[in-house]
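# Structural description and commentary
Here are the chains, one letter per residue:
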Amino acid sequence: NAGVTQTPKFQVLKTGQSMTLQCAQDMNHNSMYWYRQDPGMGLRLIYYSASEGTTDKGEVPNGYNVSRLNKREFSLRLESAAPSQTSVYFCASSESEVTQYFGPGTRLTVL
Amino acid sequence: QKEVEQNSGPLSVPEGAIASLNCTYSDRGSQSFFWYRQYSGKSPELIMFIYSNGDKEDGRFTAQLNKASQYVSLLIRDSQPSDSATYLCAAQNYGGATNKLIFGTGTLLAVQP
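Below or above, wherever it landed, is the structure these notes cover. This structure is a prediction, so every number in the text was calculated from the model and none was measured.

What counts and how
Residues numbered from 1 in each chain as written. Chains lettered and ligands numbered in written order. Predicted model: local features only at pLDDT ≥ 70, side-chain atom pairs only at ≥ 80, totals over all residues. Heavy atoms only, no water. Helix = DSSP H or I, 4+ residues; strand = E, 2+ residues; numbered from the N terminus. Buried < 20%, exposed > 50% of the residue type's maximum accessible area, 1.4 Å probe, protein only. Polar contact = N/O pair within 3.5 Å; in protein donor to acceptor, adjacent residues only side chain to side chain. Contact = heavy atoms within 4.5 Å. Pairing = 2+ DSSP bridges. Axes fitted to C-alpha atoms, helices over the stretch in contact; angles between N-to-C directions. Phe/Tyr/Trp six-rings, centres within 6.5 Å; stacked < 30°, edge-to-face > 60°.

This part takes up the side chain of Gln-6 of chain A. All names here are of chain A. Assignment of secondary structure puts Gln-6 in strand E1 (residues 4-7). Residue classification places Gln-6 among the buried residues on the basis of a relative accessible area of 3%. One polar contact links the side chain of Gln-6 to the main-chain amide nitrogen of Cys-91, over a distance of 3.0 Å. A polar contact of 3.0 Å, which involves the side chain of Gln-6, links it to the backbone nitrogen of Gly-105. Once residues within four sequence positions are removed from consideration, Gln-6 is found in contact with Gln-22, Trp-34, Tyr-89, Phe-90, Cys-91, Gly-103, Pro-104, Gly-105 and Thr-106.

Encoded structure:
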């Protein structure tokens, strides 16, 4: 089992460019999440998906869109990247109420 | 005010000592609490969770919860240099359809050999 995988691992964008961060899990989990982590701010929830076909906003959704493509995959899209979106992005998944499993992260820099 | 507060540290302890990490939360509706460990440049991994008042032990780790004081702590006994990491406290409030967590900013622990 690979667990939660994320691509790419690193990305540099120019202001205004768009990109999609990919996340996939092979644990048959219903729930998936996107977080961003910034120094001094901790992990903040961007969007989550409780089950296939549903998505909801988290704490910091502005500037992002998501797609729950199927049960395995949950993508995060930046339509017009801004320097304020420079961050480390983590995808996570969970089945029970207890444990969220995190992917390795994507380090994004917006110039 | 952030809903889950942690001292950012660094908390420095000598090898073999007990490390005490603390966390307070503001939402009295929070029912379960989680401690994640995050090594530099890596993703968070779950160490323990607790939802009942009192202590919960797992090996060298003990989580403590006091809902009246809205306080959660993690004790690490016999601290090792490999325990050096950032420890994230998270609170969960059941009320939605899924397991949403609110994270603190984390406490950096440094165990000195």
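That was the structure; now back to the text.
The next subject is the sheet that holds E1 of chain A. Residues and elements named next belong to chain A. One open sheet accounts for 4 strands, arranged E1-E3-E8-E7; its pairing is antiparallel. This sheet does not close on itself; its edge strands, each paired only once, are E1 and strand E7 (64-68). Geometrically, the sheet is characterised by an average inter-axis angle of 20 degrees between neighbouring strands, direction not taken into account. Bridge count for E7 against strand E8 (residues 74-78) is 5 bridges, and the pairing is antiparallel. If you follow Arg-68 over to E8, its bridge partner there is Phe-74.

Here the focus is the packing of aromatic side chains. Considering all chains together, one arrives at 11 aromatic pairs over all chains under this definition. A centroid spacing of 5.6 Å and a plane angle of 90 degrees characterise the contact between Tyr-35 of chain A and Phe-103 of chain B, whose relative ring orientation is edge-to-face. Highlighted residues: Tyr-35 of chain A in strand E4 (residues 31-38) and Phe-103 of chain B in strand E10 (residues 101-103), drawn from two different chains. There is no split in this pair, since Tyr-35 of chain A and Phe-103 of chain B are both buried. Plain terms: the ring middles of Phe-49 of chain B and Tyr-51 of chain B are 6.2 Å apart, the flat faces sit at 20 degrees to each other, and that makes the pair stacked.

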